[in-house]
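Breakdown of the fold
So you can see what is in the structure, the chains are spelled out below.
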Amino acid sequence: MADYEIPEITGEDGITDVPKLVPDTMKGSGPWISAPKFQEPMHFASEIEQDEDGNWTLIPNWKEVALEKMDDLRTRYRSFQLYLDICVKCGACTDKCHYYLGTTDPKNMPVARQDLLRKVYRRYFTFAGKYFPKLVGATDLTEEVIDDWYNYYHQCSQCRRCSVFCPYGIDTAEISMAAREILNHIGRGQKYCTQIMEKVYKIGNNLGLPEPALADTLEGLEEDVFDETGVDVKFPLDKVGSDILLITPSADFFAEPHVDGLMGYGKVFHELGLDYTLSSYASEGANFGMFIGSYENMRKISMRIRKAAIDLKVKRIVFGECGHAWRVAYSFLNTLAGPFDFLDPNYPVPQHVLEITWPALRDGKLNIDKSRNDDMTLTFHDSCNIARGTNMGDKPGGQFDIPRNVIKAVCNNYVDMAADTTHDATFCCGGGGGILTDDLMEVRVKGAQPRMEALKNVTDQHGVTHMAAICAICKSQFTKVIPYYGFTMDQIVSVHQLVSSALVLTGQLTEEEIEARDAAEEAERIAAMEARKKAAEEKKAAEEAAKGKED
Amino acid sequence: MNALGIIFGLLFWVATIVIIVGIIYKVRIYWKTPAPLKIPTMPAPRTTGGVVFRMFREVAFFQSLFRSDKLLWVFAIMFHYALALVLLRHTRYFTDTINSVVLFLQPFGMYGSFIMVAGLAALLARRFIIDRVRYISAPSDFLMLVLLLAIGLSGIMMKFVSHTDITLVKSFFMSLRTFNFDGWYLPGDPILLLHLSAVALLMLIFPISKLMHAPGIFFSPTRNQVDNSREKRHIAPWAAELDEQGVDYLHELKK
Ligand code: HEM
Ligand code: HEM
Ligand code: SF4
Ligand code: SF4
């Protein structure tokens, strides 16, 4: 399947053994570079050129600009300078990164990843590095260093697992965002992210799905739900004056299993009588500005949500299932696009859709038939951004309990994976942080190993058949990489997909009734066709008769 | 007064100024640089009191380290607690009145130095033995431990092997507080001089090295932020400027 070795998984205890390090296994040129036309809309440096082999240059005065940007970042982000200063090189984080575990490349150890930047920071901005570079491991900024940055800072999904285990909470994600921001400004942006963000600016979502196509898709969903249930569940778009603005990752509009989740939200809203709408202007929950460390672009994308909320005159904002989207929403939205004093103060801004579904399930407001999910034994993948970057409900840890509570309320069979791989110790899917692109396939496959190991363990020992997730990236990444590890795509499910299949809507037809309805419709259709045929024949006969008379 | 006394007297004056001014300078930077976004590693406390308690657990018990590496945690606790003990005991060289806490700790303190040195030796050993830790270590990371070992071992030598004149050391440090040069006198005891030189060096490099982790930990945004982003708007001054001027990009800001 691939020209690299797929890591082996044993399923013994669900824990990936710490490998011996093997330098340079993942040395390379990194993901595709963002061309000037994608750099410009982001206000990033674009004076770069491509040679005959397709290699891009940096901007002419790249070194100066890089150091200036570094200086700028250290005055704007405390995390940047503090974390570069205080790491004691204790090594506690070295075996915590899924990319190190999966690739054995030492530069994927969190502290070594930070060191790529730290050694330059030290050289130019610290006393020790200026006068005793060898002693403290400081080095000059060269093009090789830039290449290493571009390569290895794109082998970090900014999942922050390392930060949990560092005695000072040193967050490699902060460093890798800063590094990417520096790279943005010397003409080495990442194409996958900038290209997608440009679509958000132009069209409103990552997929570039324009309003008419979106309206069509939603209509299709309404038909699907009607066919399945006989109930008229609406997926409204741009409905001014609705109570709730639903923001969801655009993958929910068409990708599998995302779209089944979207159907789930729609059914829950319908059943609870909640008046909601989607927005075509802010038809994207994802915010890739975070991945590339660009506060300005992240803010600009967030502002679209504010504008949509104002234009549609809603009272609440609710987010669908997406990991980093929920981080930007929960932790950053108030900062970036607040204050939200024009919304209903009785609800947190924003809310997660699970914060609506869970209380409803708990209070018995939804009619659930758990047995409809009896063909599955579930486990739950805590998405890294949700687990370590957000909360749900009003108590610490809600981000772990609420999704599990929901799953357990709609499914009879549930098993957790190994403790070291769940809750705030969860492993990233391997595709977060702007890594979910085909040009980084090897990184993605290898980075998924720790999760695959844990999944295999519960599969072998507890008969788990499906893994539920609440993140668009996790779902896309897993459906793509789990076949490499001997699983099948359809083993990944959305949490609201489970809700959807167990939820019995008011007035929902039973299977027999649907069969009867479909049979009746079919009979009607056939009858109508016959009638039309007959009418046509009669008409033809009459015409012929008329013709015969003329002759 | 003797030449050694003057040299070491000046050295300690300089070292004291460097460590104090240096730490204040660095801490001021950490204090003033904003953390523009809410980035606590979740689950995080929902109240300030909760954050204080979280920080206390980190500083007093190295909670996160305990989760990540039990063996390292043992060595780290050995070293740091013994260091604290040793330093407390050392206050008797600098004050006349001996504090009751120090008095109470005296008997344990006797062994503190051994635990400290054992901890340091273990920390140094793992830098050589564990391939991942060896890979991330710069020469300075080894030398820092060697320096601390030199301080600890020379101290132990003085205490248990070749005693030095403690009353002299005490009166030397007491007189450093004033510029009454009469008391600036130190005996030419090589072990003492090694001990003191190494301590002075440690003080000099403190603010420019990773030793800043001690004050730095209190400023770490992933550990010191409250989980209240939805209730309270958190915004850095430079970011608020974007709102005020209604622009998207920093370079569009009017100064
Ligand atoms: C607030 C006070 C302090 C806290 C919370 C603290 C915490 C820690 C932690 C968690 C580590 C990592 C584990 C380890 O390698 O031992 C560490 C390492 C270290 N600490 Fe501290 N520390 C503090 C004060 C100090 C002071 C005052 C010194 C001064 C000599 C010091 C010297 C060191 C050294 C040299 C290391 C690196 C050990 C190694 O190379 O493995 N620490 N500290
Ligand atoms: C200006 C500061 C210092 C002075 C004047 C000083 C002086 C001394 C003296 C005179 C002794 C011998 C004690 C005896 O014979 O009973 C001693 C012991 C010792 N010193 Fe220091 N010292 C200083 C700083 C430090 C520092 C910063 C450390 C640790 C990093 C340290 C670690 C030790 C240890 C481990 C011992 C041996 C056992 C003990 O007394 O606890 N010293 N020191
Ligand atoms: S755990 Fe923290 S202090 Fe230790 S090496 Fe990693 S980043 Fe540095
Ligand atoms: S943030 Fe995640 S991916 Fe990045 S270094 Fe840390 S553990 Fe690895």
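Residues numbered from 1 in each chain as written. Chains lettered and ligands numbered in written order. Predicted model: local features only at pLDDT ≥ 70, side-chain atom pairs only at ≥ 80, totals over all residues. Heavy atoms only, no water.

Before going further, it helps to examine the overall build of chain B. A count of helical and extended segments in chain B gives 12 helices and zero strands. Each helix (α) and strand (β) of chain B, taken in turn from the N terminus, gives the series α-α-α-α-α-α-α-α-α-α-α-α. Computed over its C-alpha atoms, the radius of gyration of chain B comes to 23 Å, more than 25% above the 18 Å expected for a compact globule of 255 residues. Its C-alpha atoms put chain B at 70 × 45 × 40 Å along the principal axes. Counting across all 255 residues of chain B, residues that qualify as buried make up 50%. In chain B, the proportion of contacts linking residues at least 24 apart, taken out of those at least 6 apart, comes to 71%. (Helix = DSSP H or I, 4+ residues; strand = E, 2+ residues; numbered from the N terminus. Rg over C-alpha atoms; globule rule 2.2 N^0.38 Å. Buried < 20%, exposed > 50% of the residue type's maximum accessible area, 1.4 Å probe, protein only. Contact = heavy atoms within 4.5 Å.)

Here we take up the coordination of the iron atom of ligand 1. Residues and elements named next belong to chain B. Bound to the iron atom of ligand 1 on the protein side are His80 (NE2) and His213 (NE2), at distances that span 2.0 Å. One can describe the site at the iron atom of ligand 1 as octahedral: its six donor atoms subtend angles covering 85 to 179° at the metal. On the criterion of sequence distance, the pair formed by His80 in helix H4 (residues 70–90) and His213 in helix H10 (residues 213–216) is long-range, its members being 133 residues apart. Residue classification places His80 among the partly exposed residues on the basis of a relative accessible area of 29%. Looking at His213, the relative accessible area reads 14%, which means it is buried. (Donors = N, O, S within 2.8 Å, 3.2 Å for Na, K, Ca; no water. Tetrahedral: all angles 85-135°; square planar, octahedral: opposite > 155°, others 65-115°.)

The predicted model of chain B has a mean per-residue pLDDT of 94, with 100% of residues at 70 or higher. We note a pTM of 0.94 for the whole complex and an ipTM of 0.96 for its interfaces. (pLDDT = per-residue confidence, 0-100.)

Every one of the 21 residues lining ligand 1 counts as a neighbour, but A:Tyr168, B:Ala76, B:His80, B:Arg127 and B:His213 are closest to it. Neighbouring residues of ligand 1 are distributed over chains A and B. B:Arg127 is positioned with one of its side-chain polar atoms (N or O) 2.7 Å from an oxygen atom of ligand 1. Here a nitrogen atom of ligand 1 sits 2.8 Å away from a polar atom, N or O, in the side chain of B:His213. Secondary structure elements with two or more residues in the shell around ligand 1: H4, helix H5 (100–129), helix H7 (139–161) and H10 of chain B. By residue number, the principal contributor to the shell around ligand 1 is H4(B), which donates five residues. Along the lines of polarity and charge, the residues of the shell around ligand 1 split into 17 nonpolar, two polar and two charged. (Near = heavy atom within 4 Å. Polar contact = N/O pair within 3.5 Å; in protein donor to acceptor, adjacent residues only side chain to side chain. Nonpolar A, V, L, I, M, F, W, Y, C, P; charged D, E, K, R; others polar.)

Turning our attention to the coordination of the iron atom of ligand 2. Residue and element names in this part refer to chain B. In the first shell of the iron atom of ligand 2, the protein supplies His90 (NE2) and His195 (NE2), at 2.0 Å from the metal. Seen from the iron atom of ligand 2, its six donor atoms lie at angles of 86 to 179°, and the figure they make is octahedral. Of the two residues, His90 sits in helix H4 while His195 sits in helix H9 (residues 190–205), which places them 105 residues apart along the sequence.

Taken together, the contacts link 65 residues of chain B with 85 residues of chain A. Summing the contributions of chain B and of chain A, the shared interface buries around 6100 Å²; its carbon and sulfur component is 56%. Among the residues chain B hides against chain A, the three largest losses belong to B:Arg132, B:Arg230 and B:Tyr249. Together they make up 14% of the total. A salt bridge links A:Asp85 to B:Lys26, with the shortest nitrogen-to-oxygen separation between them at 3.5 Å. Summed over the shared surface of chain B and chain A, the number is 45 residue pairs in polar contact (both at pLDDT 80 or more). Secondary-structure elements contributing two or more residues to the side of chain B that touches chain A are helix H1 (3–32), helix H3 (63–68), H5, helix H6 (131–136), H7, H10, helix H11 (221–224) and helix H12 (237–245) of chain B. Looking at the side of chain B that touches chain A, the element that brings in the most residues is H6(B), giving five residues. Grouping the constituent residues of the side of chain B that touches chain A by class yields 31 nonpolar, 14 polar and 20 charged. (Buried area = accessible area lost by both parts, 1.4 Å probe. Salt bridge = Lys/Arg side-chain N within 4 Å of Asp/Glu carboxyl O.)

All names here are of chain A. What surrounds ligand 4 is a group of 13 residues, the closest being Cys97, Cys156, Cys159, Arg160 and Cys162. Taken together, the elements giving at least two residues each to the shell around ligand 4 come down to helix H4 (98–103), helix H5 (110–125) and helix H9 (161–165). Looking at the shell around ligand 4 residue by residue, the class counts come to six nonpolar, four polar and three charged.

Below, the discussion takes up the packing of aromatic side chains. In this structure the tally under the stated criterion is 22 aromatic pairs over all chains. Judged by centre distance (4.8 Å) and plane angle (50°), the rings of A:Phe288 and A:Phe291 are tilted. For the residue pair A:Phe288 and A:Phe291, the accessibility class agrees, reading buried in each case. Taken together, a centroid distance of 6.1 Å and an interplanar angle of 70° make the contact between B:Trp31 and B:Phe219 edge-to-face. In this pair, B:Trp31 sits in helix H1 while B:Phe219 sits in the loop between H10 and H11, placing the two residues 188 residues apart along the sequence. Each residue in the set B:Phe12, B:Tyr93, B:Phe94, B:Phe172 and B:Phe173 is aromatic and connected to the rest through ring pairs, giving one cluster. The lysine or arginine in question, A:Lys307, covers the ring of A:Tyr281, its NZ or CZ lying 5.3 Å from the ring centre. In this structure, B:Lys70 packs its charged tip against the face of B:Phe66, placed 4.4 Å from the ring centre. (Phe/Tyr/Trp six-rings, centres within 6.5 Å; stacked < 30°, edge-to-face > 60°. Lys NZ or Arg CZ within 6 Å of the ring centre and 35° of its normal.)

With that settled, consider the pairing of strand E6 (residues 466–469) of chain A. Residues and elements named next belong to chain A. Burial along E6 is two-sided: the face carrying His466 and Ala468 and the face carrying Met467 and Ala469 are both buried. In terms of strand pairing, strand E5 (residues 378–380) meets E6 through three bridges, oriented parallel. When the bridges of E6 are listed, Leu378 appears paired with His466. Pairing of E6 with strand E7 (residues 492–494), which is carried by three bridges, proceeds in the parallel orientation. Within the sheet, the bridge partner assigned to Ala468 lies in E7 and is Val493. (Pairing = 2+ DSSP bridges.)

Now for the domain arrangement of chain A. Residue and element names in this part refer to chain A. As assigned here, chain A comprises domain 1 (36–189) and domain 2 (195–415 + 464–502). Look at where the C-alpha atoms of domain 1 and domain 2 centre, and you get two points 32 Å apart. Contact with domain 1, which involves 15 residues of that partner, is made by 17 residues of domain 2. Taken together, both faces of the contact between domain 1 and domain 2 bury some 1500 Å²; the carbon and sulfur share is 51%. Linking domain 1 with domain 2 are zero salt bridges, by the criterion used here. In this assembly, domain 1 and domain 2 are joined by six residue pairs in polar contact (both at pLDDT 80 or more). The dominant element in the side of domain 1 that touches domain 2, judged by the number of residues it contributes, is helix H10 (residues 172–184), at four residues. Partitioning the side of domain 1 that touches domain 2 into residue classes produces eight nonpolar, two polar and five charged. (Domains from an automatic or database assignment.)

Next up on the list: the environment of A:Lys119. Residues and elements named next belong to chain A. For Lys119, the position within the fold is in helix H5. Taking the C-alpha atoms as reference points, Lys119 and Gly137, 18 residues apart in sequence, are found 6.1 Å from one another. Leaving out residues up to four positions away in the same chain, Lys119 has contacts with Gly137, Ala138, Thr139 and Val145.

Moving on: the sheet that holds E7(A). Residue and element names in this part refer to chain A. The sheet built from three strands is open, its strands ordered E5-E6-E7 with parallel pairing. In this open sheet, the two strands that pair with only one neighbour each are E5 and E7. Each adjacent strand pair in this sheet contributes to an overall mean axis angle of 40°, direction not counted. (Axes fitted to C-alpha atoms, helices over the stretch in contact; angles between N-to-C directions.)

Moving on, we get to the nonpolar core. A:Met70, A:Leu117, A:Leu141, A:Trp149, A:Ile186 and A:Met452 are the most contacted members of the largest nonpolar core, which totals 169 residues. Among the elements that line this core, the one with the most residues is H7(B), at nine residues. Residues from two domains meet in this core; each of domain 1 (36–189) and domain 2 (195–415 + 464–502) of chain A gives at least three. The contacts of A:Met70, once residues within four sequence positions are left out, are A:Phe80, A:Leu117, A:Val120, A:Tyr121, A:Phe125, A:Trp149 and A:Ile182. Within the second largest apolar cluster, 72 residues are counted, among which are A:Trp358, A:Ala360, A:Leu498 and A:Val499. (Core = buried A, V, L, I, M, F, W, Y, C linked by side-chain atoms within 4.5 Å.)

The next subject is the state of the cysteines. In the structure shown here, the tally under the stated rule is zero disulfides over all chains. No disulfide involves A:Cys429; its sulfur sits 4.1 Å from the nearest other cysteine sulfur, which is in A:Cys474. (Disulfide = S-S within 2.5 Å.)

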